[in-house]
Amino acid sequence: QVQLVESGGGLVQAGGSLRLSCVASGGFFGIEAMGWYRQAPGKQRDLVATIRNIERANYADSVKGRFTISMDNAKNTVYLQMDSLEPEDTAVYYCNANIYITNPYISSSHWGQGTQVTVSS
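Residues numbered from 1 in each chain as written. Predicted model: local features only at pLDDT ≥ 70, side-chain atom pairs only at ≥ 80, totals over all residues. Heavy atoms only, no water.

Draft legend 1. Spotlight on the pairing of strand 5 (residues 46–51). Sheet topology note: the strand 4 (residues 30–39)/strand 5 ladder contains five bridges and is antiparallel. Across the sheet, Gly 35 pairs through a bridge with Thr 50, a residue of strand 5. Connecting the antiparallel pair strand 4 and strand 5 is a turn made up of six residues, with Gly 42 showing a positive phi of about 75°. For strand 5 and strand 6 (residues 58–59), the ladder comprises two bridges, and the chain directions are antiparallel. Bridge pairing in strand 6 links Ala 49 to Tyr 59. (Pairing = 2+ DSSP bridges. Helix = DSSP H or I, 4+ residues; strand = E, 2+ residues; numbered from the N terminus.)

Okay, structure coming up:
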């Protein structure tokens, strides 16, 4: 029913920028929160940034000051602006959303398929 589709990944040199997008589609009552996670080869999937309603964004320490998360509620879309990219940022980036689907009071977690971000030195 619900689909999350990421885009914007690619190959960039250290110090460069990328802007990721994630669009949620399908029938649902609303979105509680959206966020970005990343997973490098051989490592666990870690939180990058989340945003919930009008609350201030939450960022992992490793990306503070470099990444910016934002949401367009009308388009059910979350963005991740990534500046000053470093080789350590190389990973598959996954979109996540807590969505109210069949019940307007209970949300469930959903994931996109991921988009590859590679930063060369």
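Draft legend 2. Seen up close, the environment of Gly 16. Note that Gly 16 resides in the loop between strand 2 (10–13) and strand 3 (18–25). In contact with Gly 16, not counting residues within four places along its chain, are Met 82, Asp 83, Ser 84 and Leu 85. (Contact = heavy atoms within 4.5 Å.)

Draft legend 3. View of the nonpolar core. With 32 residues, the main nonpolar core has Met 34, Trp 36, Leu 80, Met 82 and Tyr 93 as its most contacted residues. Among the secondary structure elements, those contributing two or more residues to this core are strand 3, strand 4, strand 5, strand 7 (67–72), strand 8 (77–82), strand 9 (91–100) and strand 11 (115–120). Per element, the largest residue contribution to this core is five residues, and it comes from strand 9. (Core = buried A, V, L, I, M, F, W, Y, C linked by side-chain atoms within 4.5 Å. Buried < 20%, exposed > 50% of the residue type's maximum accessible area, 1.4 Å probe, protein only.)

Draft legend 4. View of the state of the cysteines. Considering all chains together, one arrives at one disulfide under this definition. Here Cys 22 connects covalently by a disulfide to Cys 95, the sulfurs 2.0 Å from one another. Taking the sign of the S-S torsion, -85° for the link of Cys 22 and Cys 95, the bridge is left-handed. Pair noted here: Cys 22 is in strand 3 and Cys 95 is in strand 9, with a separation of 73 residues, a long-range link. Here Cys 22 and Cys 95 have matching classes, each one buried. (Disulfide = S-S within 2.5 Å.)

Draft legend 5. Representation of the pattern of salt bridges in the model. Going through the model one piece at a time under the given rule, you end up with four salt bridges. Linking Asp 89 and Arg 38 is a salt bridge whose minimum nitrogen-to-oxygen distance equals 2.9 Å. Of this pair, Asp 89 sits in the loop between strand 8 and strand 9 while Arg 38 sits in strand 4, and the two are 51 residues apart along the sequence. For the pair Asp 89 and Arg 38, a shared accessibility class is recorded, and that class is buried. With a shortest N-O distance of 3.1 Å, Lys 64 and Asp 61 are connected by a salt bridge. Among the charged side chains, a network of salt bridges with common partners joins Arg 38, Arg 66 and Asp 89. (Salt bridge = Lys/Arg side-chain N within 4 Å of Asp/Glu carboxyl O.)

Draft legend 6. Representation of the sheet that holds strand 7 in the model. Spatially, 1-3-8-7 is the arrangement adopted by the four strands of the open sheet, whose pairing is antiparallel. The sheet is open, and its two borders are formed by strand 1 (3–7) and strand 7, each paired with just one other strand. Between one strand and the next, the sheet's axes are offset by a mean angle of 15°, whatever the strand orientation. Two elements, strand 3 and strand 8, share six bridges in a ladder whose sense is antiparallel. Bridge pairing in strand 8 links Arg 19 to Gln 81. (Axes fitted to C-alpha atoms, helices over the stretch in contact; angles between N-to-C directions.)

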